[in-house]
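# Close look at the chain arrangement
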Amino acid sequence: MSEAKTKPTSASVEEYLTSKASPEQLSDCKALMASFKKVTKHSPKMWGPSIVGYGSYSYKYESGRTGESCLTGFAVRGKELVVYIVAESQEQQALLAKLGKHKMGKACLYFKRLAHLDINVLEKLVSGSVAEIKRRHAVTGGA
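Scoring rules and cut-offs
- Residues numbered from 1 in each chain as written.
- Predicted model: local features only at pLDDT ≥ 70, side-chain atom pairs only at ≥ 80, totals over all residues.
- Heavy atoms only, no water.
- 1 Å grid on protein atoms, 1.4 Å probe; cavity = no way out; pocket = protein on both sides within 12 Å on 5 of 7 lines; lining within 4 Å.
- Points joined across faces, edges and corners; volume = space filled by probe spheres on them.
- Helix = DSSP H or I, 4+ residues; strand = E, 2+ residues; numbered from the N terminus.
- Nonpolar A, V, L, I, M, F, W, Y, C, P; charged D, E, K, R; others polar.
- Expected span 1.5 Å × (residues − 1).
- Buried < 20%, exposed > 50% of the residue type's maximum accessible area, 1.4 Å probe, protein only.
- Core = buried A, V, L, I, M, F, W, Y, C linked by side-chain atoms within 4.5 Å.
- Contact = heavy atoms within 4.5 Å.
- Pairing = 2+ DSSP bridges.
- Axes fitted to C-alpha atoms, helices over the stretch in contact; angles between N-to-C directions.
- Phe/Tyr/Trp six-rings, centres within 6.5 Å; stacked < 30°, edge-to-face > 60°.

### Re the layout of surface pockets
Gaps left between atoms show up when a probe the size of a water molecule is rolled over them. Of the voids in this model, the largest pocket is the one considered here, and its volume is about 700 Å³. Lining the largest pocket are 23 residues, with Tyr57, Ser69, Val86, Ala107 and Ile133 sitting closest to its centre. Broken down by secondary-structure element, the contributors of at least two residues to the lining of the largest pocket are strand E3 (56-60), strand E4 (66-69) and helix H4 (119-136). The residue inventory of the lining of the largest pocket, partitioned by class, reads 12 nonpolar, five polar and six charged.

In structure tokens:
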């Protein structure tokens, strides 16, 4: 069984962001960091080489495979930023409809500029996602 690649590291969040983000993205990332810290009550930590993560939880698949992941986080992906959230409930779907210009994958919310989004709606989405993950899984601490 392969080991998970996305684990907490001691890498510098600031170094990652300054090496990957454009000046505009860097400004958005700093705003995201303040928002995520407020919502999650956790400090940012690098998860793997490219995710700025907050908090952690343990999961176990039906196959028996277990692992650990951040409760939420974000990353710079080329010209877009991506926020990692669970947005499956009707309430979360209604918030996505009010969020602004974005694309949503299974657990990835993509956008180009934070100015295109309603930050209050984003914070509610992140808060709802963290609550859902805590409901489903064991929270493991402040990684």
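Moving on, there is more to tell.
### Looking at helix H2 (residues 23-40)
When the terminal C-alpha atoms of H2 are compared, their 25 Å separation across 18 residues agrees well with the 26 Å that a helix rising 1.5 Å per residue should span. Listed as buried for H2 are Gln25, Leu26, Asp28, Cys29, Leu32, Met33, Ser35, Phe36 and Thr40. Taken from the residues just after H2, lysine 41 is the one with a positive phi, measuring 65 degrees.

### Some thoughts on the environment of tyrosine 61
Within the element layout of this structure, tyrosine 61 appears in the loop between E3 and E4. Here the alpha-carbon distance between tyrosine 61 and lysine 106, two residues 45 residues apart in the chain, equals 17 Å.

### Describing the nonpolar core
If you look at soluble globular proteins, the nonpolar side chains tend to sit buried side by side. With 42 residues, the main nonpolar core has Leu17, Phe74 and Leu109 as its most contacted residues. In terms of residues, this core owes the most to one element, H4, which gives six residues. Once residues lying within four places of it in the same chain are set aside, the contact partners of leucine 109 are Leu81, Val82, Val83, Ile85, Leu96, Leu99, His102, Lys103, Met104, Leu117 and Leu125.

### Concerning the sheet that holds strand E5 (residues 72-77)
What the six strands build is an open sheet, ordered E1-E2-E5-E6-E8-E7; its pairing is antiparallel. Edge positions in the sheet fall to strand E1 (44-47) and strand E7 (103-104), since each of these pairs with one other strand and no more. In this sheet, strand E2 (residues 51-54) lies alongside E1 in antiparallel orientation, the contact comprising four bridges. Paired with lysine 45 across the bridge in E2 is glycine 53. Those strands touched by helix H1 (residues 13-20) are E1, E2 and E5, and its axis lies near 35 degrees from that of E5.

### Remarks on the packing of aromatic side chains
Describing an aromatic ring pair means giving the distance of the ring centres and the angle of the ring planes. A complete count under the given rule lists four aromatic pairs for this structure. The interplanar angle of 55 degrees and the centroid separation of 5.4 Å between the aromatic rings of phenylalanine 36 and tyrosine 54 together place this pair among those described as tilted. Within this pair, whereas phenylalanine 36 is found in helix H2, its partner tyrosine 54 is found in strand E2, the two being separated by 18 residues in sequence. Just as phenylalanine 36 is buried, tyrosine 54 falls in that class too. Relative to phenylalanine 74, the ring of phenylalanine 36 has its centre 5.8 Å away and its plane inclined at 80 degrees; by these criteria the two rings are edge-to-face. Here the residue phenylalanine 36 occupies a position in helix H2, and phenylalanine 74 occupies one in strand E5, the gap between them amounting to 38 residues. According to the relative accessible area criterion, phenylalanine 36 is buried, its value standing at 1%. Looking at phenylalanine 74, the relative accessible area reads 0%, which means it is buried. Here the aromatic cluster, defined as three or more aromatic residues joined through ring pairs, consists of Phe36, Tyr54 and Phe74.

Purely geometric stuff here, so don't read any function into it on its own.
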